[in-house]
Amino acid sequence: MSSASLDTLDAAPGAKPAAGPAKTDPTAPVVVPARRTGQWTAAAVVLVLLGLGLVSVVRNDAFQWDVVAAYFTSASVLRGLGLTLWLTAAVMLLGFALGTLLAVLRLSANPVLRAVSWGYVWFFRSTPILVQLLFWFNIGMLYPKILGVSTVDLLGPVTVAVVGLTLHEAAYAAEVVRGGVLSVDRGQIEAAQALGLGRLRRFTRIVLPQAMRAIVPPAGNMLIGTLKGTSIVSVIAVQDLLYSTQLVYHRTYEVIPLLLVATLWYVAVTSVLGIGQHYVEKHYARGTGTGR
């Protein structure tokens, strides 16, 4: 018996013969990764510019960072921030409640209801929010009394801000909800009809939960936009965050640091809302393979 046969018999049962060194084809082309020198150069330039800009902002005494720190948590600023957050929450809740109703009317089989809903959305999306606020603020010129009560007493600046922003927000919310409902597979609705579910139960149990995947991203953007958009109510003397800082710098003439106070608060709150939006989107994307 040859030595090769003896080596084979001595090997453990089931063992595979040792593989020899891999042979490479000398004629095969060699793959060399792209260097992307231009991309790394551009990234380095951007980082240098960002660093120079940051150093300039930090070391520039004109920003008066000590004044920013002094007013950042002052009582007047925090009161303005509280009113801004309250306005945002109230307008979003009322706006989406009215917007959902408008979306349902827009999807109705009744042509009159569809036309009314379409007309509302068309009108409030066609006029600037500032014009709407100023109109509601001066509504007393058209109707001095409403239900026997003076319009000036009935519609104060905060009430006008809520009404004006809500009516404006509802027009956009209606389109967001309508788009989400239309994104639901028609077969899901037909299956619910086959099970004998009523229209309301179909909407709340079948359509809306699935539509939320399409509704949440634009709704989150609307929430952040509404938070920043509330700053416009300062034109009708509502003491929100921006108006509160304006009252201070009109007295102290420290315009830049007080505007920085408002800016930093807006950035902080919108960042928190953005994180919350991410997790809400992730929740409604479960089971779809799109959650990140």
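Note that the coordinates shown come from a computational prediction; the quantities given were computed from them, not determined experimentally. (Residues numbered from 1 in each chain as written. Predicted model: local features only at pLDDT ≥ 70, side-chain atom pairs only at ≥ 80, totals over all residues. Heavy atoms only, no water.)

Visitor: So what exactly am I meant to see when it comes to the side chain of His168 here?
Guide: As for its position among the elements, His168 is in helix 8 (residues 157–182). A polar contact is formed between the side chain of His168 and the side chain of Gln132, at a distance of 3.4 Å. Every residue in contact with His168, bar those within four places of it in the chain, is listed here: Phe124, Thr127, Ile129 and Gln132. (Helix = DSSP H or I, 4+ residues; strand = E, 2+ residues; numbered from the N terminus. Polar contact = N/O pair within 3.5 Å; in protein donor to acceptor, adjacent residues only side chain to side chain. Contact = heavy atoms within 4.5 Å.)

Visitor: Got a minute to help me understand helix 10 (residues 199–229) in this structure?
Guide: One full turn of an α-helix is made of 3.6 residues, so residues set three or four places apart face in the same direction. In this model, helix 10 (31 residues) spans only 36 Å end to end at C-alpha, well below the 45 Å of a helix rising 1.5 Å per residue. Taken together, the buried positions of helix 10 are occupied by Arg202, Val207, Ala211, Met212, Ile215, Val216, Ala219, Gly220, Met222, Ile224, Thr226 and Leu227. Buried-residue contacts for helix 10 involve helix 4 (75–106), helix 8, helix 9 (186–194) and helix 12 (255–284). (Expected span 1.5 Å × (residues − 1). Buried < 20%, exposed > 50% of the residue type's maximum accessible area, 1.4 Å probe, protein only.)

Visitor: Teacher, can you tell me more about helix 12 here?
Guide: Along its 30 residues, helix 12 runs 43 Å from first to last C-alpha, staying within 8% of the 44 Å computed at 1.5 Å per residue. Of the positions making up helix 12, those classed as buried are Pro257, Leu258, Leu260, Val261, Ala262, Trp265, Tyr266, Val269, Thr270 and Gln277. The inward-facing, buried residues of helix 12 abut helix 3 (65–72), helix 4, helix 10 and helix 11 (241–252).

Visitor: Sorry, what's going on with the side chain of Thr270 here?
Guide: Looking at the element boundaries, Thr270 is found in helix 12. The buried category is assigned to Thr270, whose relative accessible area is 15%. In terms of polar contacts, Thr270 uses its side chain to reach the backbone carbonyl oxygen of Tyr266, at 2.7 Å. Among the polar contacts made by the side chain of Thr270, one reaches the main-chain carbonyl oxygen of Val267 at a distance of 3.0 Å. Ignoring anything within four residues of it in the chain, the contact list for Thr270 reads Ile224, Leu227 and Lys228.

Visitor: Would you explain the UniProt feature "transmembrane region" (unreviewed entry) in the protein chain in this entry?
Guide: The sites that UniProt annotates as "transmembrane region" (unreviewed entry) are residues 40–59, 80–105, 117–137 and 255–276. Spanning residues 117–137, this segment combines 90% helix with 0% strand, and its end C-alpha atoms are found 25 Å apart. Helix makes up 100% of residues 255–276 and strand makes up 0%, while its end C-alpha atoms are separated by 32 Å. (UniProt positions renumbered as here; feature names shortened; annotations may be inferred.)

Visitor: Which parts of the structure should I look at to understand the pattern of salt bridges?
Guide: Note that side chains of opposite charge can pair when their charged atoms are close. Here the structure, examined in full by the defined rule, presents two salt bridges. A salt bridge links Glu175 to Arg106, with the nearest nitrogen and oxygen atoms 3.0 Å apart. Of this pair, Glu175 sits in helix 8 while Arg106 is found in helix 4, placing the two residues 69 residues apart along the sequence. A single salt-bridge network, built from bridges that share partners, covers Arg106, Glu175 and Arg178. (Salt bridge = Lys/Arg side-chain N within 4 Å of Asp/Glu carboxyl O.)

Visitor: Is there a simple way to think about the environment of Thr230 in this case?
Guide: Position of Thr230 relative to the elements: it lies in the loop between helix 10 and helix 11. Thr230 gets classed as buried once you look at its relative accessible area, which sits at 0%. Put simply, Thr230 and Thr84 are 146 residues apart on the chain and 6.6 Å apart in space, counted from C-alpha to C-alpha. Aside from chain neighbours lying at most four places away, what touches Thr230 is Thr84, Leu87, Thr88, Leu165 and Asp240. Of note is the side chain of Thr230, whose polar atom sits 2.6 Å from the backbone oxygen of Leu227.

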